[in-house]
Amino acid sequence: MNPFNFKNSLIGSFTGFINGLFGSGGVTLLVPILNNILGVEEHKSHATALAIIIFLTTASSAIYISKGTYDIPSTIQASIGSIIGGLIGAKLLSKVTGKFLRIAFGIVMIIAACRMIFY
């Protein structure tokens, strides 16, 4: 098996660009892309997207830090809650159905989109 897949690299470049530009968006794009375009099962799409986002956020954060566009105290404070929430969410992932994941993820994306448009 060839470890380099052009389609996957292209998808990664696109999501990395969106993540770097907007500071977010990698997972919201990766989950549907992994699931619908690459045919990855729903649970694996979520878990894989979260694993990929580590690299996206590390690369983007390095640029943000080098440019001084970073709030260290806020980052530390939010990270504590994020770690706790991430652990709980990861444990719950295997306990819910793929249909529930799609619906819940879609609702969260719609709410986020509405907040961005109207606030």
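Up top is the structure these notes are about.
So, a few notes on the structure that sits alongside this text. No experiment lies behind these values; they were computed from the predicted model shown.

## Quick look at a nonpolar patch on the surface
Link 1 in the chain: On the surface, Ile 65, Tyr 70, Ile 72, Ile 76, Ile 80, Ile 84, Ile 88 and Leu 92 cluster together into a nonpolar patch covering about 760 Å² of accessible area.
Link 2 in the chain: It is helix H4 (residues 72-93) that provides the largest number of residues to the nonpolar patch, a total of six residues.
Link 3 in the chain: Summarising the element assignment, Ile 72 is placed in helix H4.
Link 4 in the chain: Ile 72 gets classed as partly exposed once you look at its relative accessible area, which sits at 47%.

## Considering the packing of helix H1 (residues 6-22) against helix H3 (residues 42-67)
Link 1 in the chain: Taken N-terminus to C-terminus, the directions of H1 and H3 make an angle of 45 degrees; their axes are 9 Å apart at the nearest point. On the basis of the axis angle, H1 is oblique to H3. Considering how the two elements wind past one another, H1 and H3 form a crossing that is right-handed. Within the contact between the two elements, H1 uses Gly 12, Thr 15, Gly 16, Asn 19, Gly 20 and Leu 21 and H3 uses Ile 53, Leu 56, Thr 57, Ser 60 and Tyr 64.
Link 2 in the chain: Here the residues of the contact of H1 with H3 are counted per class, giving four nonpolar, seven polar and no charged.

## Some remarks on the side chain of Thr 15
Link 1 in the chain: By secondary structure assignment, the location of Thr 15 is in helix H1.
Link 2 in the chain: The contacts of Thr 15, once residues within four sequence positions are left out, are Gly 26, Leu 29, Leu 30, Ile 33 and Leu 56.

## Brief notes about the nonpolar core
One recurring pattern in soluble globular proteins is that nonpolar side chains are buried together.
Link 1 in the chain: Ile 11, Leu 30, Val 31, Ile 33, Leu 34, Ala 49, Ile 53, Leu 56 and Phe 105 together form the largest nonpolar core, which totals nine residues.
Link 2 in the chain: Where this core is concerned, the elements lending two or more residues are helix H2 (26-37) and H3.
Link 3 in the chain: Here this core gets four residues from one element, more than from any other, and that element is H2.
Link 4 in the chain: Excluding residues within four positions of it along the chain, Leu 56 makes contact with Gly 12, Thr 15, Gly 16, Asn 19, Gly 26 and Leu 30.

Here is what the cut-offs are and how they apply
- What you see as residue numbers is a count from 1 along each chain, following the sequence as written.
- Residues qualify for local features only when their pLDDT is at least 70, as the model is predicted, and side-chain atom pairs are given and counted only at 80 or more; totals for whole chains, interfaces and linings, by contrast, use all residues.
- Calculated side-chain values reflect all of the structure's heavy atoms, with hydrogen atoms and water omitted.
- Patches were defined on residues exceeding 30% relative accessible area and lacking a salt bridge, with like-charge contacts within 9 Å and nonpolar side-chain contacts (Val, Leu, Ile, Met, Phe, Trp, Tyr) within 5 Å.
- Method for areas: the Shrake-Rupley scheme with a 1.4 Å probe, in which residue coverage is limited to the protein chains shown.
- Throughout this description, the term salt bridge denotes a Lys or Arg side-chain nitrogen within 4 Å of a carboxyl oxygen of Asp or Glu.
- Segments assigned H or I by DSSP are reported as helices when at least four residues long, segments assigned E as strands when at least two residues long, and all are numbered from the N terminus.
- Think of it in three bands: with a 1.4 Å probe and only protein chains considered, a residue is buried below 20% of the maximum accessible area for its type, exposed above 50%, and partly exposed in between.
- Simply put, an axis is a line fit to the C-alpha atoms, just over the touching stretch for a helix, and the angle between two N-to-C directions goes from 0 to 180 degrees.
- Roughly parallel refers to an angle under 35 degrees, roughly antiparallel to one over 145, roughly perpendicular to one between 65 and 115, and oblique to any angle outside these ranges.
- Note on convention: the crossing is left-handed when the near helix lies turned anticlockwise from the far helix by less than a right angle, right-handed when the turn is clockwise.
- Contacts: residue pairs with any heavy atoms within 4.5 Å of one another.
- By the convention adopted, Pro, Cys, Tyr, Trp, Phe, Met, Ile, Leu, Val and Ala count as nonpolar, Lys, Arg, Asp and Glu as charged, and the other residues, Gly among them, as polar.
- Buried Ala, Val, Leu, Ile, Met, Phe, Trp, Tyr and Cys residues form a nonpolar core when they are joined through side-chain atoms within 4.5 Å.

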